[in-house]
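Geometric and topological summary
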Amino acid sequence: LSQSGYVARVSVNPGHALTSAWVQGELREYLQQKRFGTIVIETASNDSFEIARAEESVPEYSDSLARLLRAATGRCVVVVNAKVGVTPFYYRSGDALAVNRVISQSAVTHSNERIVEWNRETQTHRSWFRSDLLHFTSKTPRALFVSDPPPSSDQSAGDKAFARAIVAGVQSCQGSQ
């Protein structure tokens, strides 16, 4: 995002779903500050996992997403959908499809939502992922431990494609706020 000219604040805590206390706390802070015009949410795969574990339900996910979209009125919310065809035993494709349906249906009623169709984008790119077809093949970039963006040499093709998809999602918000 910064390389595309955007000022961004990135909050990362792997494994957290939209309904988690950590994500909800970060969102409350973003919404109160009103510093950022666009919010990007990339929790759908984690939400799918939580649904598979029965720690969250599809209606709870739907309610959380709708609350976020209502609270962010006047701002664009970019939602990355879940990858469906993955292999971890703890992840069910049907749950990912249900989450993706919620994301698509909410975009119909909330004009401030934009969708990054990550599931569709990745369907013909198995080489971007480890054998589980969910996690990127790349190693943790050195730059995650400093404030600068990772150098291009630390990024795999999947990392780069994901970054391009997020930037395209953010760009789709231009003029919609």
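Scoring rules and cut-offs
Residues numbered from 1 in each chain as written. Predicted model: local features only at pLDDT ≥ 70, side-chain atom pairs only at ≥ 80, totals over all residues. Heavy atoms only, no water. Core = buried A, V, L, I, M, F, W, Y, C linked by side-chain atoms within 4.5 Å. Buried < 20%, exposed > 50% of the residue type's maximum accessible area, 1.4 Å probe, protein only. Helix = DSSP H or I, 4+ residues; strand = E, 2+ residues; numbered from the N terminus. Contact = heavy atoms within 4.5 Å. Axes fitted to C-alpha atoms, helices over the stretch in contact; angles between N-to-C directions. Parallel < 35°, antiparallel > 145°, perpendicular 65-115°, else oblique. Left-handed = near helix turned anticlockwise from the far one by under 90°. Nonpolar A, V, L, I, M, F, W, Y, C, P; charged D, E, K, R; others polar. Salt bridge = Lys/Arg side-chain N within 4 Å of Asp/Glu carboxyl O. Disulfide = S-S within 2.5 Å.

**So, the nonpolar core**
Counting 41 residues, the largest nonpolar core has Leu18, Leu27, Tyr61, Leu65 and Trp118 as the members making the most contacts within it. If you list the elements that add at least two residues to this core, you get helix H1 (21-33), strand E1 (38-41), helix H2 (44-52), helix H3 (58-71), strand E2 (76-80), helix H4 (93-109) and helix H6 (157-171). Residue contacts for leucine 18: discarding those within four places in its chain leaves Val23, Gln24, Leu27, Ile41, Thr43, Asp47, Tyr61, Ser64, Leu65 and Leu68.

**Here's the deal with the environment of alanine 72**
Tracing the chain through its elements places alanine 72 in the loop between H3 and E2. By relative accessible area, which is 0% here, alanine 72 ends up buried. In this structure, the C-alpha to C-alpha distance between alanine 72 and asparagine 112, residues 40 residues apart in sequence, is 7.9 Å.

**A few points about the packing of H2 against H4**
The geometry of H2 relative to H4 is characterised by a closest axis approach of 8 Å and an angle of 125° between their N-to-C directions. Put simply, H2 runs oblique to H4. Judged by the twist between their axes, the crossing of H2 over H4 is right-handed. Along the contact surface, H2 presents Ala44, Asp47, Ser48, Ile51 and Ala52, while H4 presents Asp95, Ala96, Val99 and Ile103. Along the lines of polarity and charge, the residues of the contact of H2 with H4 split into 6 nonpolar, 1 polar and 2 charged.

**Focus: the pattern of salt bridges**
Evaluation of the coordinates by the stated rule reveals 5 salt bridges. Note that glutamate 50 and arginine 53 form a salt bridge whose closest N and O atoms lie 3.0 Å from each other. For glutamate 50, a relative accessible area of 13% puts it in the buried group. For arginine 53, a relative accessible area of 43% translates into the label partly exposed. Note that aspartate 95 and arginine 92 form a salt bridge whose closest N and O atoms lie 2.8 Å from each other.

**A word on the state of the cysteines**
With the rule as written, the count across this model stands at 1 disulfide. One disulfide bridge connects cysteine 76 with cysteine 173, the sulfur atoms lying 2.0 Å from each other. The S-S bond linking cysteine 76 to cysteine 173 shows a torsion near -60°; that makes this disulfide left-handed. Pair noted here: cysteine 76 is in strand E2 and cysteine 173 is in the segment after H6, with a separation of 97 residues, a long-range link. Here cysteine 173 falls in the buried class, since its relative accessible area comes to 0%.

By themselves, these observations are geometric and do not establish any function.
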